[in-house]
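One-letter residues, chain by chain:
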Amino acid sequence: MRSDANIAGPMTDPVPGPRTESAGEDVSRETLPPMDDTPIGRAAQLAVEALGRAGEGLPRPEQTRIMVVANQKGGVGKTTTTVNIAASLALHGARVLVIDLDPQGNASTALGIDHHADVPSIYDVLVDSRPLSEVVQPVLDVEGLFCAPATIDLAGAEIELVSMVARESRLQRAIQAYEQPLDYVLIDCPPSLGLLSVNALVAGAEVLIPIQCEYYALEGLGQLLKNVDLVRGHLNPTLHVSTILLTMYDGRTRLASQVAEEVRSHFGQEVLRTSIPRSVRISEAPSYGQTVITYDPGSSGALSYIEAAREIAFRGVAVHYEPYQHGRVGHQNNQRMAEEMQ
Ligand SMILES: Nc1ncnc2c1ncn2[C@@H]1O[C@H](COP(=O)(O)OP(=O)(O)OP(=O)(O)O)[C@@H](O)[C@H]1O
Ligand SMILES: [Mg+2]
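- Looking up the chain in an unreviewed UniProt entry gives the name Chromosome partitioning protein, with the organism given as Streptomyces termitum.
- Looking at the Sequence similarities (unreviewed entry) heading of the UniProt record, one finds this comment for the chain: "Belongs to the ParA family."
- Per UniProt, the chain carries the Function (unreviewed entry) text "May play a role in septum formation."

Okay, here's the thing in structure tokens:
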């Protein structure tokens, strides 16, 4: 367990505004086990539970796993998934780098990383070939977690990159030249399939697609999968969709379970067993510059991201032992999906 993770802070420190506010909200009601009646007792019990789970060892990948969190649909939970999976893995002792590749800079905000216009950022890495090590900042709340922030400059990079040499592989080169040891790199993509996302797909081996359990959830996925195929065919033979995560799942609606069923029947083994519930705690955390893992570690949102991270970590071990077979299965599945979704 990391001593400096800001676990106890939000639990013992009353944050009256958001915590009371959400208590009355129907959609956000967290499903929690029965526990001590007093707020402090309850908070303590939840924290102990969450930390107990976080303290369980997870396998470390033998090589750095580079995961591209992508879905060109907006607002499906890409950033939320990136920062919370990253924090969960770091809490288990992994060294994790989050690369914010979205000009909105939401991942940087959620990790409490300064990203005003003058801060050295991923824009400088992509456009000016600045070493990644010069822009990476440690995340203060969580030991082992780092972030390469995005500033608003990045909005212009899509266009500036067009005329550059090796425009699709600039991020890949920067990551390859980064000398610090890392267990995971998670790249938070913007909601588009432009050159920034292509740079991420060239740099990574695994694609993690968050899918929001809403109507039209699968719309546009065919295009993403086609891009994955194109990048694999021309620029990065190792690329495959390794992980699908269902987000904002509201178990009380039939729609959510129908979408979940559809996604599972299309993708099968890539879909994590854990899905992420809709939770006000998850959506509140970024406004405190925190992940939900540190903001409210006992909440259902935090626990489900911790569980999803465990699945990802264990699957990585399986991938390691059967690299060829896994890649092939993933490849076939992705192709089938892309064809079905035309
Ligand atoms: N499980 C959840 N429960 C409640 N709110 C959530 C959940 N996941 C994400 N949100 C909220 O939904 C909104 C969109 O999430 P997020 O920013 O992660 O999506 P995104 O795919 O990164 O969006 P964009 O395409 O704009 O980059 C945010 O306000 C976030 O706080
Ligand atoms: Mg985002």
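Alright, that's what it looks like, and here's the rest.
## Some remarks on helix H11 (residues 254-267)
Next up, step 1: Between its terminal C-alpha atoms H11 stretches 20 Å, which fits the 20 Å expected from 14 residues at 1.5 Å a residue.
Next up, step 2: Listed in full, the buried residues belonging to H11 are Ala256, Val259, Ala260, Val263, His266 and Phe267. Relative to the axis of H11, the buried residues are bounded by an arc of 130° and lie together on one face. Summarising the geometry of H11, the exposed residues directed more than 90 degrees from the buried face are Arg254, Glu261 and Ser265.

## Brief notes about the site of ligand 1
Next up, step 1: Neighbouring ligand 1 are 18 residues, the closest being Lys78, Thr79, Thr80, Pro277 and Ser279.
Next up, step 2: Within the backbone of Gly77, one N or O atom sits 3.0 Å away from an oxygen atom of ligand 1.
Next up, step 3: One of the side-chain nitrogen or oxygen atoms of Thr80 is found 2.4 Å away from an oxygen atom of ligand 1.
Next up, step 4: Burial of ligand 1 by the surrounding chains reaches 80%, relative to a free accessible area of 630 Å².
Next up, step 5: Only helix H4 (78-91) and helix H12 (280-284) provide two or more residues apiece to the shell around ligand 1.
Next up, step 6: Per-element accounting of the shell around ligand 1 gives the leading share, 3 residues, to H4.
Next up, step 7: Of the residues belonging to the shell around ligand 1, the class tally is 6 nonpolar, 8 polar and 4 charged.

About the cut-offs
Residues numbered from 1 in each chain as written. Chains lettered and ligands numbered in written order. Predicted model: local features only at pLDDT ≥ 70, side-chain atom pairs only at ≥ 80, totals over all residues. Heavy atoms only, no water. UniProt positions renumbered as here; feature names shortened; annotations may be inferred. Helix = DSSP H or I, 4+ residues; strand = E, 2+ residues; numbered from the N terminus. Expected span 1.5 Å × (residues − 1). Buried < 20%, exposed > 50% of the residue type's maximum accessible area, 1.4 Å probe, protein only. Arc of directions from axis to C-beta. Near = heavy atom within 4 Å. Polar contact = N/O pair within 3.5 Å; in protein donor to acceptor, adjacent residues only side chain to side chain. Areas by Shrake-Rupley, 256 points an atom, 1.4 Å probe, with all protein chains shown as cover. Nonpolar A, V, L, I, M, F, W, Y, C, P; charged D, E, K, R; others polar.

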